[in-house]
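Coordinate inspection notes
Each chain, letter by letter, is given below.
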Amino acid sequence: MITRNSQFHRAWVLGVLLMLPAVAAQAAGADYYAQFGGAAGMRALVNAFVNRVVIDPRISAYFRRTNIPALKAALALQFCQLEGGNCKFSMSMHAVHAQLGVTQAAFNALANDLYLTMDRRAIPMAAQNNLLAKLAAMEPQVVTR
Amino acid sequence: MKSIQTTKRSPTDHSLCEDPRVRRRVSLLYAGIIAVAFVCSASARAGTGILDAGRLTATGAVTAVDGSAGGGINPWAVIAGYGTNRQIGGSTFYTHLTLPNFQLNAYGAAIGLFDRVELSYARQDFSLGNTGAQLDGAIAGFFGAPVSGLPAPLQFGANDTLSQDIIGLKVRLFGNIVYDQGTLLPEVSVGVHYHQNNNTATIRALGARPNGSTFYISASKLYLDGLFGRYTFVDFNLNVTDANQNGLLGFGGLDRNGAFSNRYHLEPAFSIAQFITRTMAVGYEFRAMPQNQLVGYNALGDAVSRTSDWQDIFLAYFPAKFVSITAAYARLGAIASLPGQNGLYLSLNASF
Ligand code: HEM
């Protein structure tokens, strides 16, 4: 009669441990805002990002009646605040997008445009992913369909 | 496509290559993969329609050997393809695994409905090559009988193939690996694989059942800003199953008085993956396997029954959103009395 080996028991422990956030709480110290190039870098990034979004055929229709300079200013402020640049931003993402009918596909297309823009501007990967993670978490406030 | 064709024609892979039915089916599948990838890349910029692959690259994972979206040996909680909650996605795959004594070819397709339900089909062909004759000799030796005296289902001869069809259903319960950031909440799905082994007589002769099911719950978690500021992925599964070698040797086994028993076992499995870039990940997988007694409570039975937990280390690469290639070193351990069944795993996946 065959009995099982001991790896089986270790797998339980390891598998359960792995689900714990061993990874989560490491970003705190990094100065990502500097990696984005500070205020000037962030403005330039947002400018290029929004320029890409408004001609992206997947989502450009959403922005047909948008005040683009105002959008750029708001986003630069928001990204600055998210990445530790000492900016004050307090707009409700839910309120801003409530009437827009944003889909998950549109949300992802916008995220795609953002990381392509960040790649092009050679923002370090860890800084990119820190911003993407914070924006991804806003999906429930932005997506309504 | 060319590289896979050559893999398929590896010199030890006679049985499959020479079976025209398999050949036709596999080439149809290639045609399908090319067509899907082509149509998809054409429509990739077309907007956010129902087939427009609205999820981000790699979030449909690759395809596990049983046909579900997942890693190489474990299904994950994600739904196959790139469909969002308002879209339909899908994937097809072809996998080849070369082991010292066996070759495994698997192919199939999955469809993902509204990022909620996944239906999958996989076909696995496990070819014995020269190993069949070796097993015949071992079995005959144990009984002190000539090979010709063995019951027909246990005479494997040259180039026999054990095959099974696997139908899968997966339902996402809650969570989203991309959007659930800054929280511990994983994406969680439940699923079932129903296997039909096509070598009914052989499986029965081993004391197992040719068809059966594996039920699972899968929790997947992606940290977008994980280790080294890169994506880090973890998955933990619980399988409820009585499958022998994932169904290749049927389901259930014999209890002490020689009667068939199909006691289900609770088996853990997990996968971890670390992305190096947005489109390339390395990882490790573990899948515990139930240990049932096949053949009988004797030395031959012990040898044939011995099952190892499955493991692999893998490298997955998405050269484009709709195509992925996975190379792995798989450690399946002991299979059908032959230890050390470890080898190179190659998988091609196309999805939309
Ligand atoms: C996490 C992701 C997102 C963030 C952080 C974000 C942020 C913002 C901010 C700060 C504003 C206010 C701009 C202003 O007041 O001028 C805004 C407005 C807007 N957003 Fe978003 N947004 C996100 C996703 C999306 C998506 C996916 C779409 C559609 C594809 C979208 C479409 C719009 C539009 C059309 C406006 C202008 C609304 C108006 O003029 O009233 N947003 N967004």
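This write-up is about the structure you can find in this document. (Residues numbered from 1 in each chain as written. Chains lettered and ligands numbered in written order. Predicted model: local features only at pLDDT ≥ 70, side-chain atom pairs only at ≥ 80, totals over all residues. Heavy atoms only, no water.)

As for the sheet that holds strand E9 (residues 232–241) of chain B
Residues and elements named next belong to chain B. Short version of the rule: The criterion for strand pairing is that DSSP finds at least two bridges linking the strands in question. Helix numbering and strand numbering both begin at the N terminus, where a helix is a DSSP run of H or I of at least 4 residues and a strand a DSSP run of E of at least 2. Axes here refer to lines fitted to C-alpha atoms; in helices the fit is confined to the stretch in contact. Angles between the N-to-C directions go from 0 to 180 degrees.
Taken in spatial order, the 12 strands of this closed barrel run E3-E4-E5-E6-E7-E8-E9-E12-E13-E14-E15-E16, and their pairing is antiparallel. The average undirected angle you get between the axes of adjacent strands in this sheet is 20 degrees. For strand E3 (residues 88–98) and strand E4 (residues 103–113), the ladder comprises 11 bridges, and the chain directions are antiparallel. Bridging across to E4, Gly89 finds its partner in Gly112.

Describing the coordination of the iron atom of the ligand
Quick note on the threshold: Counted as coordinating are nitrogen, oxygen and sulfur atoms within 2.8 Å of the metal, or 3.2 Å for Na, K and Ca, while water is not included, which may make sites look incomplete.
Protein coordination of the iron atom of the ligand rests on one atom only, His97(A) (NE2), at 2.0 Å. Relative to the elements of secondary structure, His97(A) occurs in helix H5 (residues 93–97).

Some words on the packing of helix H3 (residues 38–53) of chain A against helix H4 (residues 68–82) of chain A
Residues and elements named next belong to chain A. The condition that has to hold: Here is the rule for angles: anything less than 35 degrees is roughly parallel, anything more than 145 is roughly antiparallel, 65 through 115 is roughly perpendicular, and the remaining ranges are oblique. By convention, the crossing between two helices is left-handed when the near helix turns anticlockwise from the far helix through less than a right angle, and right-handed when the turn is clockwise. Contacts are assigned to residue pairs with any non-hydrogen atoms lying within 4.5 Å of each other. Amino acids outside the nonpolar list (Ala, Val, Leu, Ile, Met, Phe, Trp, Tyr, Cys, Pro) and the charged list (Asp, Glu, Lys, Arg) are all regarded as polar, and Gly is one of them.
It is at 9 Å that the axes of H3 and H4 come closest, and there the two elements cross at 130 degrees. It follows from the interaxial angle that H3 and H4 lie oblique. The handedness of the crossing between H3 and H4 is right-handed. Contact residues: H3 offers Met42, Arg43, Val46, Asn47, Phe49, Val50 and Asn51, while H4 offers Ile68, Leu71, Lys72, Leu75, Ala76, Phe79 and Cys80. A breakdown of the residues in the contact of H3 with H4 according to their chemical character gives 10 nonpolar, 2 polar and 2 charged.

Considering the site of the ligand
All names here are of chain A. Under the convention used in this document: Nearness here has a simple test: a residue counts as near a molecule or strand if at least one of its heavy atoms is within 4 Å of that partner. Here a polar contact means two N or O atoms within 3.5 Å. Within protein one must be a hydrogen donor candidate and the other an acceptor candidate, and residues neighboring in sequence count only if both atoms are side-chain atoms.
If you check the shell around the ligand, you find 22 residues, and the closest are Tyr62, Phe63, Gln78, Val96 and His97. His97 is positioned with one of its side-chain polar atoms (N or O) 2.8 Å from a nitrogen atom of the ligand. Going through the elements one at a time, H4, H5 and helix H6 (104–120) are the ones with two or more residues in the shell around the ligand. For the shell around the ligand, the element with the most residues is H4, which contributes 5 residues.

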